[in-house]
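Given next are the chains, with one letter for each unit.
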Amino acid sequence: MIPFYTPERFTSAFLNRKKKNSQREQEVLVTAKRILDDIRENGDEALKKYVQQFDGTVPSNWEVTKEERKQAWDDVDPKTIAALQKAADNIRQFHQKQLPTSRTMELSDQIQSGQLYRPIERVGIYVPGGTASYPSTVLMNAIPAVLAGVQDVIMVSPARNGQPIKSVLLVAADIAGVQTIYKLGGVQAIAALAYGTETIEPVDKIVGPGNAYVAAAKSLVFGEVGIDMIAGPSEVAIIADETADPIFVAADLIAQAEHDKNARAFLFTNSPFLAEATKAELAKQCATLPRESIATAALEQHGATVQVNSIDQAFELVNKLAPEHLEIQLQDPMTYLGKVRNAGSVFLGSYTPEALGDYYAGPNHVLPTSGTAKFSSGLSVDDFLTKTTYLYYGKSALVEAAPHVTRIAEEEELSGHARAVQKRIDKRE
Ligand SMILES: NC(=O)c1ccc[n+]([C@@H]2O[C@H](COP(=O)([O-])OP(=O)(O)OC[C@H]3O[C@@H](n4cnc5c(N)ncnc54)[C@H](O)[C@@H]3O)[C@@H](O)[C@H]2O)c1
Ligand SMILES: N[C@H](CO)Cc1c[nH]c[nH+]1
Ligand SMILES: [Zn+2]
């Protein structure tokens, strides 16, 4: 089960590793590039070829029809629909507060400047559909886009082996306000969104998580279109002391580990009792878990219980790790929030499991992984907006600024710049 680490061993095993593409990552990149290039060159014909190869059958229509979307509502249990609607309300409410307002700075009647926010026009949302389906991911990606004012929100998800896209994903798409849904997944979906084909219009930005092939394809089309981030395997770090309940701690480590054999789940504790009790509890809870083999593999290969000397040391290590999710299961958890420097999202107290945020509470679950929380943030309304600054100077304001502007231009030996100002001054005199 979960291996024990000293802080020193944890540091050398997880924090000091040089990032270098493994041979497998290189192979995935080569495959993704080959598929992208082919679809860019040969459009729908190549798209069909890869859909057939990787997803088993080519659907008769790429786009999910109105009838298929309507039928989905009859297929899904009304209790699931109600839960998704409530979750959507919470997510909407949280993200609504992120909406910025355009700013104007009026320094005088001669000088005005400001910043305009505008929605990106067309956004593609990737919703995974390989080993599991995630209606929560539809909500988390589409709701901020719709709130930002994106005109066309286009969702892609694979319809594999002749099976339709799961009805629950179609219902979630309706609840979130997705306009168009294409039955496409993997690298071929990213290619169609980025480059377009004869039948599919390209988008301006692609967001959403996916497997290694999807992540590689997103990294390769970046520049041609925008992307949100390159998502790695999901991860949680839990800081807990002797007051934490080992049943809750183990349950939350497992909730992360069941995602993927490469998922990472870490417990940092100063209590040897909690460490042992959690280990025993992990074995007990895994034994009855439907995804036991995935969770056990993740905990054994990518999990760790770190015996820290103090809670301060736990925060030091966690800030270096910059985990996607951080749970603080300590007494008076809110008092520790100020100690968090790097983390995608923080869950405070024993009654705030990460699962609450994954599905329901409001904050986004598309978060920076693999230490990237040091320089990036989770998905938000901001990801669907562009910022344009503007500037207005009247004549007398330019006259006042002119000597400074021309001085700097001369320093840079760009006399054309200096003249662009000076010509106006000369004409005035
Ligand atoms: N971070 C988050 O918010 C979040 C949320 C949900 C899911 N996820 C993650 O997303 C991932 C989903 O992965 P998935 O595989 O289930 O679904 P997916 O939709 O990402 O990938 C399925 C597609 O991969 C392609 N593919 C499979 N094998 C291939 C190969 N050998 N060569 C080329 N293409 C190939 C196929 O086209 C297939 O349609 C998981 O790792 C999951 O943990 C993350
Ligand atoms: N924990 C995942 C990555 O943040 C999100 C998710 C979706 N469904 C369940 N969990
Ligand atoms: Zn999850």
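About the criteria used
- Residues numbered from 1 in each chain as written.
- Chains lettered and ligands numbered in written order.
- Predicted model: local features only at pLDDT ≥ 70, side-chain atom pairs only at ≥ 80, totals over all residues.
- Helix = DSSP H or I, 4+ residues; strand = E, 2+ residues; numbered from the N terminus.
- Contact = placed C-beta atoms within 7 Å.
- Near = placed C-beta within 6 Å.
- Nonpolar A, V, L, I, M, F, W, Y, C, P; charged D, E, K, R; others polar.
- UniProt positions renumbered as here; feature names shortened; annotations may be inferred.
- Buried ≥ 20, exposed ≤ 12 C-beta atoms within 10 Å, placed from the backbone.
- pLDDT = per-residue confidence, 0-100.

**Q** Lay out the overall build of the protein with the relevant residues and their values.
**A** Counting its regular elements, the protein contains 15 helices and 14 strands. Judged by the C-alpha coordinates and their principal axes, the protein covers about 85 × 60 × 45 Å. Sequence-distant contacts in the protein: of pairs separated by 6 or more residues, those separated by 24 or more amount to 75%.

**Q** Before we move on, can you summarise the site of ligand 1 with the specific residues and values?
**A** In the vicinity of ligand 1 there are 25 residues, among which P128, G130, G185, G186 and G210 approach most closely. Elements that contribute at least two residues to the shell around ligand 1 include exactly α2 (23-55), α7 (186-195) and α8 (212-221). Tallied by class, the residues present in the shell around ligand 1 amount to eleven nonpolar, twelve polar and two charged.

**Q** So what about the UniProt feature "binding site: Zn(2+)" (unreviewed entry) in the protein? Which residues, and what values?
**A** In this numbering, the UniProt entry assigns the feature "binding site: Zn(2+)" (unreviewed entry) to Q256, H259, D358 and H417. In summary, the annotated positions, distributed over 162 residues, remain apart in three dimensions as well, the widest C-alpha pair reaching 56.2 Å. Tracing the chain through its elements places Q256 in helix α9 (residues 246-257). Of the residues examined, Q256 has 30 C-beta atoms within 10 Å and is grouped as buried. Each residue touching Q256, except ones within four places of it in the same chain, is listed here: S234, E235, V236, A263, A265 and E354.

**Q** Now, about the confidence of the model for the protein: what can you tell me, with residues and values included?
**A** With 99% of its residues at a pLDDT of 70 or more, the protein has an overall mean of 95. Overall fold confidence for the complex sits at a pTM of 0.95, while the interface term, ipTM, reaches 0.97.

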